[in-house]
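# Structural overview
Chain by chain, the residues run as shown.
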Amino acid sequence: MRAARYAIYYAPPPESPLWGFGSDVLGYDAATGATRPPLAPEGFSAEEWLRMTAQPRRYGFHATLKAPFRLAEGATEDDLVAAGRSFARKRRAFELPDLAVTALDTFAALTTRELSEPLSALSAACVEAFEPFRAPHSPEELARRRSATLTEAQQANLERWGYPYVFDEFRFHMTLTGSLPEPLVPRAVEGLARLYAEHVGAAASTVNAVTLYVEESPEEGFRIVDRFVFGG
C-alpha cells in the first residue's frame, strides 16, 4: 500500500491574517513546512498548548473539502495537480462567511456563523471531482473508521466516499485543538476567541482557491503541494 496521502482543503492565502493565526495556534506552517512558536491562549503554557494541538498540527491549518486519501492504482501526483488546475479554472471566488471560535464536542474550531451554500457546493464538487483519484479503503481501514456514533447516512458516506461528513453531513470547520478534557474546553474557546479578535478581527477572507496537501509518510505532517486558484 502506498504510504503518501493527499487531501483537498480550503486554506487561506499564506499571506493572510487568518492563515497566520491558524498556523501560529497550531505551531506549524504547512506552506513552508516550518514549525512556529505556539500562540497559546492566556492561562495555558507553551508546553501544554503544544500537547493540546499535537493532533491537528499533523494536518496543518485547513478546512476539509476532500478528506485524506491514498492515490488510486495508476494515478500520480502530476495527474492530481492537473485535475486540480482544471477544476479551479472555471470556478469563481466568493467571500468566506464570518467565523467564530466554537466548541465542537471536546475540541475548539473556527466555524461559520451561518450555513454557506457556496461552501457546501464547493465541498460537494471536490468530493465528486477528485473521487477517481482515491484508492478505496481496505476492509481493515473501514473497520477502524467505523464508529457507533456515526449515523446511518454517515456510515453510508464512509463506505461510498471514504469520509462520513460529506454532502448533507458537511459542516465547515477549521480545527484549532485536539480533544480536550471537558473542563478545559470553555477556557480554550474563550482564550482562542480573544486571540482571533486580536490577530484577525474583521479582516475579510475570500475563498479563491482549493489547496492540495500531501503527507509523505505517517511520521511527517501534511504540507501544501499547490494552490489551485479559481479563474472564473
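Refer to the preceding data block for the structure.
Here is a short report on the structure shown in this document. (Residues numbered from 1 in each chain as written. Predicted model: local features only at pLDDT ≥ 70, side-chain atom pairs only at ≥ 80, totals over all residues. Heavy atoms only, no water.)

A tally of regular secondary structure across the chain gives 8 helices and 11 strands. A compact globule built from 232 residues should have a C-alpha radius of gyration of about 17 Å, and the chain, at 17 Å, falls within 12% of that. Oriented by its inertia axes, the alpha-carbon framework of the chain measures out at about 50 × 40 × 35 Å. With 232 residues in all, the chain has 51% of them scored as buried. Within the chain, contacts between residues separated by at least 24 positions form 73% of all contacts whose residues are at least 6 apart in sequence. As presented, the chain carries roughly 11,400 Å² of accessible surface, and 51% of it is formed by carbon and sulfur atoms. For the chain, the centre of its 24 positive side-chain charges and the centre of its 31 negative side-chain charges are spaced 3 Å apart. (Helix = DSSP H or I, 4+ residues; strand = E, 2+ residues; numbered from the N terminus. Rg over C-alpha atoms; globule rule 2.2 N^0.38 Å. Buried < 20%, exposed > 50% of the residue type's maximum accessible area, 1.4 Å probe, protein only. Contact = heavy atoms within 4.5 Å. Areas by Shrake-Rupley, 256 points an atom, 1.4 Å probe, with all protein chains shown as cover. Lys, Arg positive; Asp, Glu negative; His and termini not counted. Charge placed at Lys NZ, Arg CZ, Asp CG, Glu CD.)

This paragraph deals with unusual backbone geometry. Non-glycine residue Asp105 carries a positive phi angle of around 55°. Among the structural elements, Asp105 can be located in the loop between strand E6 (99-104) and strand E7 (107-112). Of note in the backbone geometry, Phe167 takes a positive phi value of approximately 55° without being a glycine. Within the secondary structure, Phe167 sits in the loop between helix H7 (152-161) and strand E8 (173-175).

Between side chains of opposite charge, pairing is possible as soon as their charged atoms come close. Counted by the stated rule, this structure contains 12 salt bridges. Between Arg36 and Asp24 there is a salt bridge, and its shortest N-O distance comes to 2.7 Å. In this pair, Arg36 is assigned in the loop between strand E3 (34-35) and helix H2 (46-52) and Asp24 in helix H1 (residues 17-26), connecting sequence segments 12 residues apart. Lys66 serves as the salt-bridge partner of Glu131, at 2.5 Å between the closest nitrogen and oxygen. Within this pair, whereas Glu131 is found in the loop between helix H5 (117-129) and helix H6 (139-145), its partner Lys66 is found in strand E4 (residues 63-69), the two being separated by 65 residues in sequence. Using a relative accessible area of 13% as the deciding quantity, one classes Glu131 as buried. Within this structure, Lys66, Glu131, Arg134 and Arg160 form a network of salt bridges that share partners. (Salt bridge = Lys/Arg side-chain N within 4 Å of Asp/Glu carboxyl O.)

It is worth spelling out the packing of H1 against helix H8 (residues 185-199) at this point. Contact geometry of H1 with H8 gives a least axis separation of 10 Å together with a crossing angle of 145°. Handedness of the H1/H8 crossing: right-handed. Facing Pro17, Leu18, Phe21 and Val25 of H1, the residues of H8 in contact are Leu192, Leu195, Tyr196 and His199. Looking at the contact of H1 with H8 residue by residue, the class counts come to 7 nonpolar, 1 polar and no charged. (Axes fitted to C-alpha atoms, helices over the stretch in contact; angles between N-to-C directions. Left-handed = near helix turned anticlockwise from the far one by under 90°. Nonpolar A, V, L, I, M, F, W, Y, C, P; charged D, E, K, R; others polar.)

Here we come to empty space enclosed by the protein. Within the structure shown, the criterion is met by 1 cavity of 30 Å³ or more. A volume near 60 Å³ is recorded for the largest cavity. Lining the largest cavity are Lys66, Ala67, Pro68, Phe69, Val127, Arg134, His137, Trp161, Gly162, Tyr163 and Val166. Among the elements that make up the lining of the largest cavity, the one with the highest residue count is E4 (4 residues). For the lining of the largest cavity, the residue count by class is 7 nonpolar, 2 polar and 2 charged. (1 Å grid on protein atoms, 1.4 Å probe; cavity = no way out; pocket = protein on both sides within 12 Å on 5 of 7 lines; lining within 4 Å. Points joined across faces, edges and corners; volume = space filled by probe spheres on them.)

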